[in-house]
Every structure is written in structure tokens, then in C-alpha cells.
Amino acid sequence: MEKFDVIIIGAGAAGLFCAANVGQKGLKVLVLDNGKKAGRKILMSGGGRCNFTNLYIDPTAYISTNPHFCKSALARFTQWDFIALVQKHNIPYHEKILGQLFCDNSAQDIVDLLLIECKVAGVSLRFQSEITEIKKIDNKFLVYVNEKVISSNALIVASGGLSMPKLGATPFGYRIAEQFGHNIQPTRAALVPFTLHKTLLDVLQTLSGIAISVKVSSQNAMTFQENLLFTHRGLSGPAILQISSYWQPGEHISINLFPNINLIDYLTHEQTIHPNLLLKNLLAKYLPKRFIETLQILKKIPDKSLKQLNKSQINTIAEGLHNWQIQPNSTEGYRTAEVTLGGVDTSSISSKTMESEKVIGLYFIGEVVDVTGWLGGYNFQWAWSSAWACAQHLIKS
Ligand SMILES: Cc1cc2nc3c(=O)[nH]c(=O)nc-3n(C[C@H](O)[C@H](O)[C@H](O)COP(=O)(O)OP(=O)(O)OC[C@H]3O[C@@H](n4cnc5c(N)ncnc54)[C@H](O)[C@@H]3O)c2cc1C
């Protein structure tokens, strides 16, 4: 029987980074993956340029049943540590907006970084690995893969979440966790576009492809100011993806179409200067004309000149445009979601080492854990930080 010190399930961001860190200290490491190649999500990420971390990483940008869980790992392996590694590999990168760091060239640069680090560390990678069973007997893990049995002293589950099944996502990590007595926090798609009910979709569909800058709020008062994109299915764009992580089915979202203007003050002021100006023409200075027309269909903008508006009408218009209430029908689900909320419950995992508190030698890292970040490089940073915390413990134990 083949023997390894450490077997890692998943050749994604967390699995590869952990393997490299552990292997470089002389441990014999095997990474198993069900796909044909390493880092498939990394390659797809950030529109092909991988938003690999964020300058403003902060635990408050993570959603988890235990919001404190991510703090230790994020503090011990920070965005600056990963940036230093990117610089060591001479990978050109830039800040896009809001501290989001992207490769100048391609996400392949990050996959190459990880594969080079793994190669230097002597890590074995095996693809198209179908794992059928895992047992722990005495102090060894037995992994049944492609009709063979391999053993290891430690087993690291880095098999990710459920988003994008066509990129190899499976619930396998959750099943292993359950097998060894861990709870799973309910999972659902996050960082995902919304679909709309037919009546509203019929009106908004014509705007497909148009992006506007908005502030979106959820019923639990989370707010994001970024772009909203109309799609042929509903709503997308960074502001919508962000708020989707805080949205519960049945809830409304509130969209502020004029986040940087106080419309009551503005309309009252403009009324005195351009009394004959049509309201729709004034607002068209800020929003695309087609969208203004749609807002008229939705009865948010009356077809009147400014002088025809009384105080109460201005208040109603301002409320309607600052606080456009929309009830999404649903989300597009795991098919297009960037991440999965929920996952392996953190209450039985050490936040310092990522080791199971139920089974010695069993670890969970990356997205399989109930820690989900905002859009903007936060999820990869969690993968790097949790992988590093786990690796440090394995090296020392
Ligand atoms: C389209 C898209 C774009 C994204 N862009 C960004 C971005 O720019 N910035 C950011 O921070 N985050 C981004 N994310 C999120 C980010 O990709 C994930 O949070 C991150 O990849 C999680 O890393 P991981 O190693 O935990 O899991 P993954 O990277 O998903 O890796 C898990 C690996 O395990 C393998 N696996 C699964 N089941 C099994 C099994 N049964 N047996 C063997 N192997 C298995 C999978 O094939 C996969 O290779 C994006 C996600 C998507 C889908």
C-alpha cells in the first residue's frame, strides 16, 4: 500500500497552497482531484485575471455562523504575505477598485505560482481521482481511490463548495465531514445573480446589458455601493452579487438609484432654476435614457416638468428612486454562483489549525468550511490563510 504523510483532497486554491507549504518542510504529500487539471476555479476567476486578494481584508467581510472563526487565520497569513509571494514570482498585478488585486496578464499566473511551489516541495498531484471511501483505522487514514487504497497520517479536505458543478464542485467534503461526526451548516448559492418574477422581468428585460451605479441594501441592513447590471434573467453586477449573500428567499432588496445625491434637495433646487425642464430630461443626466423610460413605465417618474411638481410629489419621487423595492424571485443557483454559503460547521474545527476537534489528523480548509467572503478577492484570501494555518500545524506536529 502506498503511504503518505499527508493526503489533500482538492487541487484548488486551498489544497495546492497547503500542499506546497507542507511539502516544503519535507513531508510526503499527495493531492487528489476529480478533475483533469489543477485550479480550475482560479482559471475562471476574476474574468480570467484572478482577483487573488484584497488590500482591505477584514474579518467583517466574511459570513459565517461564527464570525470570529476566520480571524486567527486571516491575521496570521495576511494579504501582504500572499502579495509578497506574487511579487517573488514576478507576477504583474494591479488594483482594480476597492482594493481588489488582479493579475495584469492571466489567472494562469496564479495557478503556475501554486504548481511551481508544489513542484519545489516535491508534492505529488493526481487528477481524475475518484475517491469512493475513506476510513480511519488506528492512526491512519485509508483513502480508496481509483480502485486502490492509499494511506496517510493526516487527511486535509479542500474540496470546495457547491458552486459551478461544471468546474468539478461536489458535496464530497460535506459527506466526509458528516461521516466523521461534523455538522454542516445549511448551504446555499451566494455571490449569485437574481432572477425576477415575470411581470417585472418583462419590463426590465429590455435593459439587458445596461449597467448603473447604485447602492443596494438587504433587509438586514447590509449595503453595497457598486454597479448593477440588468440581464435577460434579472439582475447581476457586483452590487447584486454582494447583496445576494445576505438575501433570504421572499425578502425585498432596496436599490438607491441616486446614491450620491439627495433628490429632495436637488429637485427643489433645480425647480427654481429650470422650472420648464422635464423631470425625465433632468434625471437622464444621471441614468441611461432607456432606463428612465422604463422607470416611467414603472410609474416612478411622472411625465411632468419640474414646475408641475409639488412638495409631496417630490417626496414621493425621491422615495421611489432612493428606495426602489424589488422582491427577487430567486437566484440563478449554484450554476452561476461564485461561492457557497454555509458548509462544515466551525464549532468543531480549531480556528488556529483547521484541525477537526473530533478526529485527530483530519483538517478542513478553504470554501468547504462555513466561511464565505465578499466579492473582491476575499474568498481566495480565505483559501490561502486557512491553508497556511493548517500547514503550519502539520509541519510542527
Ligand atoms: C466563476 C468564479 C469566479 C470567482 N472569482 C473569484 C475571484 O476573483 N476572487 C476570489 O477571491 N474568489 C473568486 N471565486 C471564489 C473562489 O474561486 C473560491 O472561493 C476558491 O476557489 C475556493 O478554493 P478551494 O480550494 O476551497 O476550492 P476550489 O478552488 O473549488 O477547489 C476544490 C477542488 O476540489 C476538487 N473536488 C471537488 N470534489 C472532489 C471530489 N469528490 N474528489 C476529488 N476532488 C474534488 C474540485 O475539482 C476542485 O479542484 C470565484 C468563483 C467562481 C466560480
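Residues numbered from 1 in each chain as written. Predicted model: local features only at pLDDT ≥ 70, side-chain atom pairs only at ≥ 80, totals over all residues. Heavy atoms only, no water.

Looking up the protein in an unreviewed UniProt entry gives the name Ferredoxin--NADP reductase, with the organism given as Arsenophonus nasoniae. The record held by UniProt for the protein lists under Cofactor (unreviewed entry) the comment "FAD". (UniProt positions renumbered as here; feature names shortened; annotations may be inferred.)

J.: Explain the nonpolar core to me, using residue names and the numbers behind them.
T.: Among the nonpolar cores identified, the biggest contains 83 residues, and Ile 110 and Trp 382 are the most heavily contacted of them. Looking at which element gives the most residues to this core, the answer is helix α13 (residues 378-396), with 10 residues. Apart from residues lying up to four places away in sequence, Trp 382 is in contact with Tyr 62, Phe 69, Cys 70, Ala 73, Leu 74, Met 354, Gly 366, Glu 367, Val 369, Val 371 and Ala 387. Of all hydrophobic cores here, the second largest spans 49 residues; its members include Leu 201, Leu 235, Trp 247 and Ile 326. (Core = buried A, V, L, I, M, F, W, Y, C linked by side-chain atoms within 4.5 Å. Buried < 20%, exposed > 50% of the residue type's maximum accessible area, 1.4 Å probe, protein only. Helix = DSSP H or I, 4+ residues; strand = E, 2+ residues; numbered from the N terminus. Contact = heavy atoms within 4.5 Å.)

J.: Describe the site of the ligand, naming the residues involved and giving the relevant values.
T.: Contacts to the ligand come from 29 residues, most closely from Asp 33, Asn 34, Thr 170, Glu 367 and Phe 380. The separation between an oxygen atom of the ligand and a polar main-chain atom of Ala 14 is 2.8 Å. Within the contact set of the ligand, an oxygen atom lies 2.9 Å away from a side-chain nitrogen or oxygen of Arg 40. In isolation the ligand has 990 Å² of accessible area, and contact with the protein removes 94% of it. If you list the elements that add at least two residues to the shell around the ligand, you get α1 (13-23), α2 (40-44) and α13. Among the elements that line the shell around the ligand, the one with the most residues is α13, at three residues. (Near = heavy atom within 4 Å. Polar contact = N/O pair within 3.5 Å; in protein donor to acceptor, adjacent residues only side chain to side chain. Areas by Shrake-Rupley, 256 points an atom, 1.4 Å probe, with all protein chains shown as cover.)

J.: Before we move on, can you summarise the sheet that holds strand β6 (residues 100-103) with the specific residues and values?
T.: Sheet architecture is open: three strands sit in the order β3-β6-β5, paired in antiparallel fashion. Two strands bound the open sheet, and with one partner strand each, they are β3 (51-54) and β5 (93-95). On average, adjacent strands in this sheet sit at an angle of 30° to one another, irrespective of strand direction. Where β5 and β6 come together, three bridges link them in antiparallel fashion. Bridge pairing links His 94 to Phe 102 in β6. Of the strands in this sheet, β3, β5 and β6 touch helix α4 (residues 79-88), which is tilted by about 140° from β3. (Pairing = 2+ DSSP bridges. Axes fitted to C-alpha atoms, helices over the stretch in contact; angles between N-to-C directions.)

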